[in-house]
Every structure is written in structure tokens, then in C-alpha cells.
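Here is how the chains run, residue by residue.
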Amino acid sequence: QVQLVESGGGLVQAGGSLRLSCAASGRTFIRNAMGWFRQAPGKERAFVAGIRWSGGSTYYADSVKGRFTIATDNAKNTVYLQMNSLKPEDTAVYYCAARAGSTWPTQWPYEYDYWGQGTQVTVSS
């Protein structure tokens, strides 16, 4: 099992920045890639960004390219999501997820095996 704990959410004005963190513990050797997803009220969970632990290859949703950056700290088993130039439409609960399989890139929730509890991000206009 892999346990994931997100932090860093909050309320920010449009144009501002936030950094989300996701600390992984447990059998962390079984995760090949990490992803961030988000879910707004009334909408399905959507892919935001992903990264492979080995090599650091990244992949982004078109809606966040150029504004969000995903990165890992392997020593801390932590993945980060730096969010800049935030927009009201970025408001959602953000989830961290871990994938054990080797296929890459992957952007569908069903392809990820472990999930955090989520952290709320609210962007005011």
C-alpha cells in the first residue's frame, strides 16, 4: 500500500500562486508515476499533470500548460504542483495519485492505483 497526503491548498486571488505538496509513504517503491487531478463541483475528476519518478518525464493538461509545474523530491518521496497565474476556473479539490504500472503518459483516473484525500483550492476573481 501507498499512502498519500496532500497539503498546500487554500484561497488565493486570480493571478496568484499556490504550491501543493503530496507526501508518499508506505510501499513507495511500487509507484512508477505520480499525478495531480482536480474535481470541481458537478464535474468529473480531470487530469492536471503527471511525472515519472525515474527520469522526471512530465505531462500536462492543455489547460494548465505554461502555468503549472509538477516536480518531485525523491529524497522526501514528495511531489509538488506549483500553480501560477491562477484563474477562477482552477477552483477545485486537487488530488494526488500514484500509479504502479509502467505505461506513460497516463491521464485517466482509473489508471492510478492510490489516491490522497484531496485539498481544496479556491481562486477568487
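The notes below deal with the structure included here. Note that the coordinates shown come from a computational prediction; the quantities given were computed from them, not determined experimentally.

## Describing unusual backbone geometry
Negative phi characterises most residues that are not glycine, and trans characterises most peptide bonds.
Then, number 1: With omega at -5°, the peptide bond leading from Trp 104 into Pro 105 counts as cis.
Then, number 2: Tracing the sequence through the fold places Pro 105 in the loop between β9 (92-99) and β10 (114-115).
Then, number 3: Positive phi, close to 50°, is recorded for Asn 77, a residue that is not glycine.
Then, number 4: In this structure, Asn 77 sits in the loop between β7 (68-73) and β8 (78-83).
Then, number 5: Its identity is not glycine, yet Ser 85 carries a phi of approximately 50°, on the positive side.
Then, number 6: With respect to the helices and strands, the residue Ser 85 is situated in the loop between β8 and β9.
Then, number 7: Residue Ser 85 is classed as partly exposed on the basis of its relative accessible area, which comes to 40%.

Rules of the game
Residues numbered from 1 in each chain as written. Predicted model: local features only at pLDDT ≥ 70, side-chain atom pairs only at ≥ 80, totals over all residues. Heavy atoms only, no water. Helix = DSSP H or I, 4+ residues; strand = E, 2+ residues; numbered from the N terminus. Buried < 20%, exposed > 50% of the residue type's maximum accessible area, 1.4 Å probe, protein only.

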